[in-house]
Amino acid sequence: MDGIKPTCREVHRLVSEGMDRELSLVERTRMRLHLVVCGACTRFDAQMGLLRRAMRSAPPPPADPGDEAQP
Ligand SMILES: [Zn+2]
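Let me begin by describing the structure that accompanies this report.

Criteria and thresholds
Within each chain, residues carry numbers counting from 1 in the order of the written sequence. Only residues with pLDDT of at least 70 are given local features in this predicted model, and only at 80 or more are side-chain atom pairs given and counted; all residues enter the totals for whole chains, interfaces and linings. Helix numbering and strand numbering both begin at the N terminus, where a helix is a DSSP run of H or I of at least 4 residues and a strand a DSSP run of E of at least 2. Neighbour density around each residue's C-beta defines its exposure: 20 or more other C-beta atoms within 10 Å make it buried, 12 or fewer make it exposed, and counts between make it partly exposed, where C-beta atoms are placed from the backbone. What counts as an axis is a line fitted to C-alpha atoms, over the stretch in contact for a helix, and the angles between N-to-C directions run from 0 to 180 degrees. Should an angle fall under 35 degrees it is taken as roughly parallel, and over 145 as roughly antiparallel, whereas 65 to 115 is taken as roughly perpendicular and any remaining angle as oblique. Less than a right angle of anticlockwise turn of the near helix away from the far helix marks a crossing as left-handed, whereas a clockwise turn marks it as right-handed. Throughout, a pair of residues is in contact if the C-beta atoms placed from their backbones lie within 7 Å. All amino acids are sorted into three groups, where Ala, Val, Leu, Ile, Met, Phe, Trp, Tyr, Cys and Pro are nonpolar, Asp, Glu, Lys and Arg are charged, and the leftover types, Gly among them, are polar. To estimate how far a helix should extend, the number of its residues minus one is multiplied by 1.5 Å. Defined on buried residues, the nonpolar core groups Ala, Val, Leu, Ile, Met, Phe, Trp, Tyr and Cys residues joined through C-beta atoms within 7 Å.

## Observations concerning the overall build of the protein chain
Here is step 1 of the chain: Across its full length, the protein chain carries three helices and zero strands.
Here is step 2 of the chain: The N-to-C order of helical and strand elements in the protein chain reads α-α-α.
Here is step 3 of the chain: The burial tally for the protein chain puts 11% of its 71 residues in the buried class.

## Points about the packing of helix H1 (residues 8-17) against helix H2 (residues 25-37)
Here is step 1 of the chain: Between H1 and H2, whose axes approach to 10 Å, the crossing angle comes to 125°. It follows that H1 is oblique to H2 by the angle criterion. Crossing hand, H1 versus H2: left-handed. Here Val-11, Leu-14 and Val-15 of H1 lie close against H2, whose contacting residues are Glu-27, Met-31 and His-34.
Here is step 2 of the chain: Class assignment of the residues belonging to the contact of H1 with H2 gives a composition of four nonpolar, one polar and one charged.

## Structural notes on helix H3 (residues 39-57)
The α-helix advances 3.6 residues per turn, and as a result positions three or four apart in sequence lie on the same side.
Here is step 1 of the chain: In a regular helix each residue adds 1.5 Å, so 19 residues correspond to 27 Å; H3 covers 28 Å between its end C-alpha atoms and thus fits that length.
Here is step 2 of the chain: Taken across its 19 residues, H3 has one buried, putting it largely on the surface.

## Here we look at the environment of Arg-28
Here is step 1 of the chain: Here Arg-28 shows up in helix H2.
Here is step 2 of the chain: What makes Arg-28 partly exposed here is the crowd of 13 C-beta atoms within 10 Å.
Here is step 3 of the chain: Along the primary structure Arg-28 and Val-11 are separated by 17 residues, whereas in three dimensions their C-alpha atoms are 9.4 Å apart.

## As for the nonpolar core
Here is step 1 of the chain: Val-11, Leu-14, Val-15, Met-31 and Cys-41 together form the largest nonpolar core, which totals five residues.
Here is step 2 of the chain: With three residues, the single largest contributor to this core is H1.
Here is step 3 of the chain: Discounting residues that sit within four places of it in the chain, Val-15 has contacts with Met-31, Phe-44, Asp-45 and Met-48.

Written out as structure tokens, the structure is:
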């Protein structure tokens, strides 16, 4: 039972998923309720919004953190 209160973790997930798909009304409501009381997630949401705009004008970075990324 996670009730109506989403955790920061869930909100981060919703913000990220919101970039790829349309969130449901319930998901958006829970996210907004949390953003009202959580400054960290509000900033995260704002940053993702900026990223989303930037990604529209530029190709996305390589999303595959392959073997070469680590020494
Ligand atoms: Zn939060």
